Amino acid sequence: MRLCHIDQLPDGASRGFDPHQVGQDTVLVVRQGERLFAYRDACPHHDTPMAWRKDAYLDGTGRHIVCAAHGAQFDIATGLCTLGPCLGESLTPVTLQIHNNGEVHLATNNTLETPT
């Protein structure tokens, strides 16, 4: 399932995706250099969406993913909560495939739950 082209994800930025077209982003992707980190768009604290506005998943420094609902901070590379009410828990990783032409796709082994 295609998400975007890698050039549509600026270095140091985050973006949400709605691959199942349910009207709510269910995947968040952060780009750091040529590496992409993807997670289910749900805080492990209460399963709430993470962004405080469309595509706004990072703190002001761009070094952590932040849950807008609870202020929990997560390591971009591992998804581990390093500060907040879900300390020690992790975001659910999502596997991506980056094709030679730069197209970014969800890997077929992902099982994303769609919001109800």
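Note: the structure precedes this text.
Residues numbered from 1 in each chain as written. Predicted model: local features only at pLDDT ≥ 70, side-chain atom pairs only at ≥ 80, totals over all residues. Heavy atoms only, no water.

### Here we look at the overall build of the protein
If you tally the helices and strands in the protein, you get zero helices and nine strands. Counting across all 116 residues of the protein, residues that qualify as buried make up 42%. Excluding contacts between residues fewer than 6 apart, the proportion of contacts in the protein whose partners are at least 24 apart in sequence is 42%. With the model as given, the accessible surface of the protein reaches about 6300 Å², and the carbon-plus-sulfur share is 48%. (Helix = DSSP H or I, 4+ residues; strand = E, 2+ residues; numbered from the N terminus. Buried < 20%, exposed > 50% of the residue type's maximum accessible area, 1.4 Å probe, protein only. Contact = heavy atoms within 4.5 Å. Areas by Shrake-Rupley, 256 points an atom, 1.4 Å probe, with all protein chains shown as cover.)

### Observations regarding the sheet that holds strand S8 (residues 96-98)
Within the open sheet, the three strands sit side by side as S1-S9-S8. Their pairing is antiparallel. Edge positions in the open sheet fall to strand S1 (2-5) and S8, since each of these has one partner strand only. Taking each pair of neighbouring strands and ignoring which way they run, the sheet shows an average axis angle of 25 degrees. The sheet contact formed by S1 and strand S9 (residues 103-106) spans three bridges and is antiparallel. Within the sheet, the bridge partner assigned to histidine 5 lies in S9 and is glutamate 103. (Pairing = 2+ DSSP bridges. Axes fitted to C-alpha atoms, helices over the stretch in contact; angles between N-to-C directions.)

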